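# Summary of the model geometry
These are the residues of each chain, in order.
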Amino acid sequence: MAAAGEERQMLAQRLKAAVHYTVGCLCEEVAEDKDVQFSKQSIAAISDITFRQCEIFAKDLEMFARHAKRTTVTTEDVKLLARRSNSLLKYITQKSEELASSNMEQKEKKKKKSSTAKGERTPGEQEAAVTENEDSNMA
């Protein structure tokens, strides 16, 4: 039991370090673009606030899913979380639609590959074969 707690704490520390690193990189980019400087303390404060906000978001998402009697967080939960920021909601909705269409394309490609591998004809090939068959029957 104690080992699980230690492992969880180590994981949290690694996540905090990753957030701190990312915030530092973003601050460097902004500093170059805007010709401003960020102190180490301000980077640490931004990192800490970001990490805490992510924890709050994670708990909220978990609660949204639980309220819907699900164990999986969905894109609808994320949209619900972002509902107070119109620009963020719009961005998330756009990305969600892009992912959905990309997933549909991949599923269609897999279907075509599996039907071709099995020797089955695609709907276009079936139609061409029927048309060809009808043409030969008329002659």
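Residues numbered from 1 in each chain as written. Predicted model: local features only at pLDDT ≥ 70, side-chain atom pairs only at ≥ 80, totals over all residues. Heavy atoms only, no water.

### Let's talk about helix α1 (residues 2-34)
The terminal C-alpha atoms of α1, which comprises 33 residues, lie 47 Å apart, in line with the 48 Å expected from a rise of 1.5 Å per residue. Buried within α1 are the following residues: V19, V23, G24, C27 and A31. (Helix = DSSP H or I, 4+ residues; strand = E, 2+ residues; numbered from the N terminus. Expected span 1.5 Å × (residues − 1). Buried < 20%, exposed > 50% of the residue type's maximum accessible area, 1.4 Å probe, protein only.)

### Details of the packing of α1 against helix α2 (residues 40-67)
When two helices pack together, you describe them by how their axes are tilted relative to each other and by the distance separating the axes. Where α1 contacts α2, the axes come no closer than 9 Å and their chain directions differ by 125 degrees. One element, α1, and the other, α2, form an angle in the oblique class. Classified by chirality, the crossing of α2 by α1 is right-handed. Seen from α1, the contacting residues are A12, L15, K16, V19, H20, V23, G24 and C27; seen from α2, they are I43, A44, I46, S47, T50 and F51. (Axes fitted to C-alpha atoms, helices over the stretch in contact; angles between N-to-C directions. Parallel < 35°, antiparallel > 145°, perpendicular 65-115°, else oblique. Left-handed = near helix turned anticlockwise from the far one by under 90°. Contact = heavy atoms within 4.5 Å.)

### A closer look at a negative patch on the surface
A grouping of E28, E29, E32 and D33 is seen on the molecular surface, where their side chains present a negatively charged patch. By secondary structure assignment, the location of E28 is in helix α1. Judged by relative accessible area, E28 falls into the exposed class, the value being 53%. (Patch = residues over 30% accessible without salt bridge, like charges linked within 9 Å, V, L, I, M, F, W, Y side chains within 5 Å. Areas by Shrake-Rupley, 256 points an atom, 1.4 Å probe, with all protein chains shown as cover. Salt bridge = Lys/Arg side-chain N within 4 Å of Asp/Glu carboxyl O. Lys, Arg positive; Asp, Glu negative; His and termini not counted. Charge placed at Lys NZ, Arg CZ, Asp CG, Glu CD.)

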